[in-house]
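These are the residues of each chain, in order.
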Amino acid sequence: MKKIAILGSTGSIGTQTLEIVRANNDLEVVSIAAGSNIIKLEEQIREFHPKVVCVFDEKAAEQLKVAVADVSVRIVAGMDGLIEVAMVAEAEIVVTAFVGMIGIRPTLEAIRAGKDIALANKETLVTAGHLVMKEAEECGVKILPVDSEHSAIFQSLNGENPKEIEKILLTASGGPFRGWTREQMKNVQVEDALKHPNWAMGQKITIDSSTMVNKGLEVIEAKWLFGTSLEDIQVVVQPQSLIHSMVQFRDGGIMAQLGTPDMKLPIQYALYYPERRFLAGERVDFAKIGQITFEEPDLNNFPGLALAYRAGEIGGTMPTVFNAANEKAVAMFLGRKISYLTIIEIIEHCMKEHQKVEHPSVEKILETEQEVYEIIAHKWGN
């Protein structure tokens, strides 16, 4: 019986992780955490019987305590609660599925407690990759990627020598506005940006995919996960989302991982690695597909990807600025406070305003996040 903890159990990755638990009788959920969705949390508590549950919002945590007073479960709150969920003694692996930099501290503490990490929280590596990968190596724990692209790279490297990587080919669907000009995107509304052509994801990551910022975050994440330089990571637009990513080796050979766009595959692979379990679902029918096509990313109309490369090259606290500015800008767009194109404008402005700090501590990373929010509030009033 493998015992797991889930940070972000009510979101897209969290709920799909629980679907996998439901389909297998040798996984046990010992702790879960969410932001404030206590209705879904109560359902999960009653079905999966975790020992510890964190609601980040303290008022919501008090409401949940009342709702599950008849159940033997410990309800905790805030950052201390998240860390407690991540460090539960029985847990062998922690699924980090929270969106945003909130995942940094619980992930580091879980690593220090000897837990393997099924990593779905890309912001943790984007902003604190230098800390996370060092801790993981020192503590002897595995970082198992859950992002479909990074899982594909991880799978393509099975049995291969990572030192023989020549290039990582990170695939992208291109999002709902592939082929559009910035002029065409001027009047994009929230509903338009949330219509991803291939994947069903949470709101924030769906917006990030539409701007190509998500792919930029994945480039920086891949650098840390696989120990490559940014110049050896090439983004390739693959509109059908069948090739999830590829690795080119120094002899010119390329390994790729293909499959239908279903996040349950990389989640289950991380939970059971190195075993491949049966997973119900649609299979690829190549005869019906007919063709798989490729394009170069359009950096002129989707400059978010270029900004990510720049942030990664500058290093230090600059990737934190890129990430924090995007997080805030996307939240403002979803709240209909700014236009779609202003998302990138905000990121670029914050990067220009920032003086980087090398080798930042967790405290400095979180301080930088707040500085970015202040820059945005000063100029955009939010």
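Below you will find a few notes about this structure. Just so it is clear, the model here is predicted, and its values are computed rather than measured.

Regarding the packing of aromatic side chains
Part 1 of the reasoning: Per the stated rule, a full pass over the model turns up six aromatic pairs.
Part 2 of the reasoning: A ring pair is formed by F154 and Y269, whose centres lie 6.3 Å apart and whose planes are at 75°; its orientation type is edge-to-face. Here Y269 lies in helix α11 (residues 264–272) and F154 lies in helix α7 (residues 148–156), a separation of 115 residues in the sequence.
Part 3 of the reasoning: Residue classification places Y269 among the buried residues on the basis of a relative accessible area of 4%.
Part 4 of the reasoning: Taken together, a centroid distance of 4.8 Å and an interplanar angle of 50° make the contact between F177 and W180 tilted.
Part 5 of the reasoning: We classify F177 as buried; its relative accessible area is 2%.

Considerations on helix α10 (residues 213–226)
Part 1 of the reasoning: For α10, with 14 residues, the first-to-last C-alpha span of 20 Å sits near the 20 Å given by 1.5 Å per residue.
Part 2 of the reasoning: With respect to burial, α10 is a largely interior element, twelve of its 14 residues being buried.
Part 3 of the reasoning: Along α10, the positions that sit buried rather than exposed are V213, N214, K215, G216, L217, E218, V219, I220, E221, A222, L225 and F226.
Part 4 of the reasoning: Looking one or two places after α10, you find G227, whose phi comes out positive at around 65°.

What to know about the pairing of strand β2 (residues 27–34)
Part 1 of the reasoning: Within β2, seven of the eight residues are buried, which leaves it mostly tucked inside the rest of the structure.
Part 2 of the reasoning: Relative to β2, strand β1 (residues 2–7) is paired through six bridges, and the arrangement is parallel. Residue I6 lies in a different strand from β2, and its bridge partner there is I32.
Part 3 of the reasoning: Tracing the backbone out of β1, into helix α1 (residues 12–23) and back to the parallel element β2 gives a crossover that is right-handed.
Part 4 of the reasoning: For the crossover from β2 across helix α2 (residues 38–48) to strand β3 (residues 52–55), the handedness is right-handed.

Brief notes about the sheet that holds strand β5 (residues 93–96)
Part 1 of the reasoning: Taken together, seven strands build an open sheet; the order of strands is β4-β3-β2-β1-β5-β6-β7 and the sheet is parallel. Of all strands in the sheet, those bounded by a partner on one side alone are β4 (74–77) and β7 (143–145). This sheet shows a mean twist of 25° between the axes of neighbouring strands, independent of strand direction.
Part 2 of the reasoning: Bridging between β5 and strand β6 (residues 116–119) involves four bridges; their strand directions are parallel. Along β6, the bridge assignment pairs T96 with L119.
Part 3 of the reasoning: Helix-sheet contacts for helix α4 (residues 78–86) involve β1, β2, β3, β4 and β5, and the interaxial angle to β3 is about 150°.

Regarding the packing of α4 against helix α5 (residues 104–112)
Part 1 of the reasoning: Contact pair α4 / α5: the axes reach a minimum separation of 8 Å and the direction vectors enclose 35°. Judged by the sense of rotation from one axis to the other, the crossing of α4 with α5 is right-handed. For the pair α4 and α5, the contacting residues are M79, L82, I83 and A86 in the first and R105, P106, E109 and A110 in the second.
Part 2 of the reasoning: Grouping the constituent residues of the contact of α4 with α5 by class yields six nonpolar, no polar and two charged.

The rules behind these values
Residues numbered from 1 in each chain as written. Predicted model: local features only at pLDDT ≥ 70, side-chain atom pairs only at ≥ 80, totals over all residues. Heavy atoms only, no water. Phe/Tyr/Trp six-rings, centres within 6.5 Å; stacked < 30°, edge-to-face > 60°. Helix = DSSP H or I, 4+ residues; strand = E, 2+ residues; numbered from the N terminus. Buried < 20%, exposed > 50% of the residue type's maximum accessible area, 1.4 Å probe, protein only. Expected span 1.5 Å × (residues − 1). Pairing = 2+ DSSP bridges. Right-handed = clockwise from strand over helix to strand, strands pointing away. Axes fitted to C-alpha atoms, helices over the stretch in contact; angles between N-to-C directions. Contact = heavy atoms within 4.5 Å. Left-handed = near helix turned anticlockwise from the far one by under 90°. Nonpolar A, V, L, I, M, F, W, Y, C, P; charged D, E, K, R; others polar.

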